[in-house]
Amino acid sequence: MKTDSQLQRDVLDELKWDPRVRDAEIGVAVKEGVVTLTGFVDSYAQRTCAERAVERVGGVRVVAEELKVKLPGAFQRNDTDIGHAVANALRWDIEVPDDKIKARIENGWVWLDGEVEWQFQRQAAERAVRYLTGVKGVTNAVRIKARASTYDVSKRIKEALHRTAESDSRKIEVEATGGHVTLTGTVRSFAERQDAERAAWAADGVTAVDDRIVVTV
């Protein structure tokens, strides 16, 4: 098990290694496997990349991301320009049902609303606008439409977890009530936890996933 100082060094090295975030002003504090990021980044995309970089580091149990976006002058855009860019990005992404999603922009922050059938569509909408110039943040309030399921959701998710080589399905419990799925248990890394959550969202009829899986090191 890594000490907090070792984990802090590994996180700092990973942030420096990733060319998308290496020039950012990021502070890293670590306590008992919980990593807190503070400071400033040049874009919302960079903020997301920094969080993903930390999640890749072995020994990280929780990421508390408190970064603030400070756009350089060349990246400043008014809300009207951002609005046009958002509309085009949603329309051009093949995974986004843009006729079912509405967007609102205020001071560079994008709010997404609407209702879609699958989680990957909800995620695609956020991904489409996350990397646009001038965007300071995204609030994804898109909902998943409730669908009736004709099979045992818990069983199907467990089968999917068993097929995933990186996941130890024996340590993950799945409970489904209607379209709401709760995941509990332990995994060895953030990657395993994300794999389990993706498997749950891929089941037909799932409208919400409560991921309570604990990363152990």
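You'll find the structure just up there.
Keep in mind the model is a prediction, meaning the values are calculated, not measured.

1. Focus on the nonpolar core
Residues L90, I101, V110, L112, I157, V181 and L183 are the most contacted members of the largest nonpolar core, which totals 37 residues. Counting only elements with at least two residues in this core, the list comes to α3 (79-92), β4 (101-106), β5 (109-116), α4 (119-130), α5 (153-163), β8 (172-177), β9 (180-187) and α6 (190-201). When residues no more than four places from it in sequence are discounted, the contact partners of V181 are V153, I157, V174, E175, A176, A200, V206, A208, V209 and D210. Counting 22 residues, the second-largest nonpolar core is a separate cluster that includes L15, A50, A53 and L67.

2. Quick notes on helix α2 (residues 44-55)
Taking 1.5 Å as the rise per residue, α2 with 12 residues should run 16 Å; its terminal C-alpha atoms sit 17 Å apart, in good agreement. Burial within α2 is extensive, with 10 of its 12 residues counted as buried.

3. Side note on the pattern of salt bridges
Counted according to the given criterion, the structure contains 16 salt bridges. The residue E51 makes a salt bridge to R52 at a minimum N-O spacing of 4.0 Å. Through salt bridges with shared partners, a single network forms among E14, D18, R20 and R56.

4. Quick word on the packing of helix α1 (residues 4-17) against α2
α2 packs onto α1 with a crossing angle of 135° between their chain directions and a minimal axis gap of 9 Å. For the element pair α1 / α2, the angle class is oblique. Remark: the crossing between α1 and α2 carries right-handed chirality. Where α1 abuts α2, its residues V11, E14 and L15 lie against A50, A53 and V54. The residue inventory of the contact of α1 with α2, partitioned by class, reads 5 nonpolar, no polar and 1 charged.

5. Structural notes on the sheet that holds strand β3 (residues 62-69)
Judged by pairing direction, the sheet is mixed, and its 3 strands sit side by side in the order β1-β2-β3 without closing on themselves. Of all strands in the sheet, those bounded by a partner on one side alone are β1 (25-31) and β3. Taken over all neighbouring pairs, the strand axes of this sheet differ in orientation by 10° on average, direction set aside. Of the strand pairs in this sheet, β1 and strand β2 (residues 34-41) are connected by 7 bridges, and their pairing is antiparallel. Each bridged residue has a counterpart across the sheet, and for A29 the counterpart in β2 is T36.

6. Structural notes on the pairing of β9
Alignment of β8 against β9, held across 6 bridges, turns out to be antiparallel. The residue bridging A176 from the neighbouring strand is V181, located in β9. In this structure, the hairpin formed by β8 and β9 is closed by a connection of 2 residues, where G178 is found at a positive phi of approximately 65°. Direction of pairing for β9 relative to strand β10 (residues 208-211): parallel, over a ladder of 4 bridges. Each residue of the ladder has a partner; that of V181, found in β10, is V209. Once you follow β9 into α6 and on to β10, the crossover reads as right-handed.

Definitions and cut-offs
- Residues numbered from 1 in each chain as written.
- Predicted model: local features only at pLDDT ≥ 70, side-chain atom pairs only at ≥ 80, totals over all residues.
- Heavy atoms only, no water.
- Core = buried A, V, L, I, M, F, W, Y, C linked by side-chain atoms within 4.5 Å.
- Buried < 20%, exposed > 50% of the residue type's maximum accessible area, 1.4 Å probe, protein only.
- Helix = DSSP H or I, 4+ residues; strand = E, 2+ residues; numbered from the N terminus.
- Contact = heavy atoms within 4.5 Å.
- Expected span 1.5 Å × (residues − 1).
- Salt bridge = Lys/Arg side-chain N within 4 Å of Asp/Glu carboxyl O.
- Axes fitted to C-alpha atoms, helices over the stretch in contact; angles between N-to-C directions.
- Parallel < 35°, antiparallel > 145°, perpendicular 65-115°, else oblique.
- Left-handed = near helix turned anticlockwise from the far one by under 90°.
- Nonpolar A, V, L, I, M, F, W, Y, C, P; charged D, E, K, R; others polar.
- Pairing = 2+ DSSP bridges.
- Right-handed = clockwise from strand over helix to strand, strands pointing away.

Keep in mind these values describe shape, not function.
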